Amino acid sequence: MTSFAALLPRPVSVTPAPGTCPWPSTVDVRAASLPPEGYRLEISPSGVVLHVADAAGEVYGRETLRQLAGPSAFRVAGFAPGELPCGVVEDHPRFAWRGCLLDVARHFRTKAEVLRFVDLLAAHKLNVLNLHLTDDQGWRFEVPEFPRLTSVGGWRPSSMAGSGGAQDGRPHGGFYTGDDLREIVAYAAERAVTVVPEIDIPGHARAALAAYPSLGAESSYEVWTAWGISTSLLSPNESTLDFFRRVFDHLLDIFPSPVIALGGDETPGATDDHREFVRRLAEHLVARGRTPMGWDEVLDIPGLPPMVIGSWRNEAAGLRAAEAGHDVVMCPEQHVYLDHRQAEHPDEPIPVGMLHTLEDVYAYEPALTGPRLRGVQAQVWTEHLDSVRRVDYMTFPRLSAFAEVAWSSGNRDYAEFLPRLRDHHLPRLDALGVEYRPLDGPYPWQTRPGVPGRPR
Ligand code: ACM
């Protein structure tokens, strides 16, 4: 039987009681006045009563039940016979925004893979999927009015292999139809996950420029086959603005999220006209009743409406954003970029970025506090993650550690967390088929591509 001490993320409080409850058992769900997304789970020998604040509270109460039912409950949800410990779990999240960015632009992930990723977020009580849909290397969002965005912008002939500059010569691409994305949104909503879509402007837009060169200053562009920061920016004129207003309008038709992300990061050579272009698109989203989200570079733009700022370059940007009256999601690359390497061992595959060990991620504590802090977000950029297996390897178990940062209040003790993760949570990930990084280093088939005798 799984004990309450095995729960991850750790709940607000647990009061164990004598006895056990057979599982499966009836679950009576009752509305109650509890903190948002909260639940109170009462397990007795005669059954389970789940008091919930709202639909999200029910999702989280059931996730907790699933963990208590043991790893086999992750193989056949709800049907694994066994028993539950008796007692009461009271729980609600620390932060309202418990996010993870998934970059499906650099490497496309199929719809089925995105749905699976949503399941994994919900299993960790994370509630925002920030879906990075467009970038220099690919445009993944079908817009019927502008079909070349996906017929041209969704494909590239080759990709940079690793970070060394050589090309792999292998075509890559894919995109989501409106129906695909509506399905992802609905599937996520059932699991209390909001999909916050991102269309990145005015940089990170070479795929759009390749599709419609008149959006830029040059006569032709190619979907980028390299990684890095491109100097190609959208031309900040009225016709480009009109084009992107229509693109965003179509995005709003599909994504009900109150927050819509417009990027704004890494725009070398940007002028005041580019800044005004971003501001006007932000205003467009506000006029449509949504809150724009931008990366912290947009703080240099005068006259911005109130936004959600993703503080990624450092912690100070988040403090600055809050002072300027914006809400903030803390996602600093110094702490929560899960594409960055997780050990210094030479066998780590494509060990880019800064070192972020499991312990580092577990220890992350945002510098900003107070009402402007909406929450925290981990980031899975995929330049070097060309398969769902590689995404699994970089994301887990660090995202499991991050989930506790986002959900659980109070002190965190890595010495307590580590055995809980190893003995109870990794078996859950195993049952879910997640190819996480083992705690003592990669399996041979997970090591650095290109090492002789090892698979590329
Ligand atoms: C970012 O990592 N460029 C937001």
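The structure displayed is predicted, hence computed values, not measured ones.

A. Geometry of helix H9 (residues 315–323). Turning to H9, its buried residues are Glu 315, Ala 317, Gly 318, Ala 321 and Ala 322. Each buried residue of H9 sits inside an arc of 155 degrees when the element is viewed along its axis, so together they form one side. In this fold, the buried residues of H9 make contact with strand S15 (308–311) and strand S16 (327–330). The opening residue of H9 is Asn 314, an N-cap whose side-chain oxygen sits 3.2 Å from the backbone nitrogen of Ala 316. At the C-terminal side of H9, Gly 325 shows a positive phi close to 90 degrees.

B. Highlighting the pattern of salt bridges. With the rule as written, the count across this model stands at 37 salt bridges. Residue Glu 183 pairs with Lys 111 through a salt bridge whose shortest N-O separation is 2.8 Å. Here Glu 183, found in helix H5 (residues 178–190), pairs with Lys 111, found in helix H3 (residues 111–123); they are 72 residues apart in sequence, far enough to count as distant. Looking at Glu 183, the relative accessible area reads 36%, which means it is partly exposed. Asp 249 serves as the salt-bridge partner of Arg 288, at 3.0 Å between the closest nitrogen and oxygen. A residue pair is termed long-range when its members are at least 10 positions apart, and Arg 288 in the loop between helix H8 (272–287) and strand S14 (291–295) and Asp 249 in helix H7 (residues 238–254) qualify at 39 residues. Among the residues examined, Asp 249 registers a relative accessible area of 22% and is labelled partly exposed. Via salt bridges that share partners, Asp 103, Arg 106, Asp 135 and Glu 383 belong to a single interconnected network.

C. Quick look at the UniProt feature "domain: Glycoside hydrolase family 20 catalytic" (unreviewed entry) in the chain. This chain's UniProt record puts "domain: Glycoside hydrolase family 20 catalytic" (unreviewed entry) on residues 95–268 and 274–409. Secondary structure across residues 95–268 divides into 30% helix and 19% strand, with the first and last C-alpha atoms of the span separated by 33 Å. Between the first and last C-alpha atoms of residues 274–409 the distance is 41 Å; the span itself is 34% helix and 15% strand.

D. The packing of H3 against H5, seen in detail. Where H3 meets H5, the closest approach of the two axes is 10 Å, and the angle between their N-to-C directions is 15 degrees. When the axes of H3 and H5 are compared, the pair comes out roughly parallel. The element H3 and its partner H5 pack so that their crossing is right-handed. Here Lys 111, Val 114, Leu 115, Val 118 and Asp 119 of H3 come into contact with H5, specifically with Asp 180, Glu 183, Ile 184, Tyr 187 and Ala 188. The class makeup of the residues in the contact of H3 with H5 is 6 nonpolar, no polar and 4 charged.

Parameters at a glance
- Residues numbered from 1 in each chain as written.
- Predicted model: local features only at pLDDT ≥ 70, side-chain atom pairs only at ≥ 80, totals over all residues.
- Heavy atoms only, no water.
- Buried < 20%, exposed > 50% of the residue type's maximum accessible area, 1.4 Å probe, protein only.
- Helix = DSSP H or I, 4+ residues; strand = E, 2+ residues; numbered from the N terminus.
- Arc of directions from axis to C-beta.
- Contact = heavy atoms within 4.5 Å.
- Polar contact = N/O pair within 3.5 Å; in protein donor to acceptor, adjacent residues only side chain to side chain.
- Salt bridge = Lys/Arg side-chain N within 4 Å of Asp/Glu carboxyl O.
- UniProt positions renumbered as here; feature names shortened; annotations may be inferred.
- Axes fitted to C-alpha atoms, helices over the stretch in contact; angles between N-to-C directions.
- Parallel < 35°, antiparallel > 145°, perpendicular 65-115°, else oblique.
- Left-handed = near helix turned anticlockwise from the far one by under 90°.
- Nonpolar A, V, L, I, M, F, W, Y, C, P; charged D, E, K, R; others polar.

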